[in-house]
Amino acid sequence: MKEAPTVPMPVVLGVDDLRPLPRATRIARTSREGIQLLEEHRDSFIDELWLDHDLGGEDTIMPVVTLMEEAAFNGRPFRIGAVFVHSANPIGAETVVRSLARWSYRVQRATA
């Protein structure tokens, strides 16, 4: 009997300090953890990346955004199907969307 081909599980990463993000296969709760998460997936395709701007206290998503911008600047952007920015901070969210769109990441505002 032939085995059915297996379909790889989508890689859905999230960086959010509070939300559960039920679709996410992995969640980082701080910008430092977010950077580590992206670096772990550096050479693989990420189907979706969910980003929250405010990560508690003084922490924000901007170090993660900077990592993504630098990767694109160096000609090795992260391979991401779609980036969703879900933040209650409209100015912060717009900054993230603008920054990543400038580097040709497929990014949009969303509700988590």
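Draft legend 1. The arrangement of the overall build of the protein in detail. Broken down by element type, the protein carries three helices and five strands. Seen in sequence order, the protein has helices and strands lined up from the N terminus as β-β-α-β-α-β-α-β. Relative to its length of 112 residues, the protein is compact, with a C-alpha radius of gyration of 14 Å against a globular reference of 13 Å. When the backbone C-alpha atoms are referred to their principal axes, the protein occupies close to 55 × 35 × 20 Å. Every one of the 112 residues in the protein was classed for burial, and the buried ones make up 43%. Here the contacts in the protein between residues at least 6 apart in sequence split such that 65% fall between residues at least 24 apart. Total accessible area on the protein stands at roughly 6800 Å², and carbon and sulfur atoms take up 55% of it.

Draft legend 2. Main features of the sheet that holds strand 2 (residues 26-28). In spatial order, the strands read 2-1-3-4-5; together these five strands make up an open sheet with parallel pairing. Either end of the sheet is taken by a strand with one partner, and the two such strands are strand 2 and strand 5 (107-109). Across this sheet, the average inter-strand angle for adjacent strands is 20 degrees, counted without regard to direction. Pairing of strand 4 (residues 80-85) with strand 5 involves three bridges; the strand directions are parallel. Among the inter-strand pairings, valine 85 is bridged to a residue of strand 5, identified as arginine 109. Sheet strands in contact with helix 1 (residues 31-40) are strand 1 (12-15), strand 2 and strand 3 (46-51), and its direction is about 145 degrees off that of strand 2.

Conventions used here
- Residues numbered from 1 in each chain as written.
- Predicted model: local features only at pLDDT ≥ 70, side-chain atom pairs only at ≥ 80, totals over all residues.
- Heavy atoms only, no water.
- Helix = DSSP H or I, 4+ residues; strand = E, 2+ residues; numbered from the N terminus.
- Rg over C-alpha atoms; globule rule 2.2 N^0.38 Å.
- Buried < 20%, exposed > 50% of the residue type's maximum accessible area, 1.4 Å probe, protein only.
- Contact = heavy atoms within 4.5 Å.
- Areas by Shrake-Rupley, 256 points an atom, 1.4 Å probe, with all protein chains shown as cover.
- Pairing = 2+ DSSP bridges.
- Axes fitted to C-alpha atoms, helices over the stretch in contact; angles between N-to-C directions.

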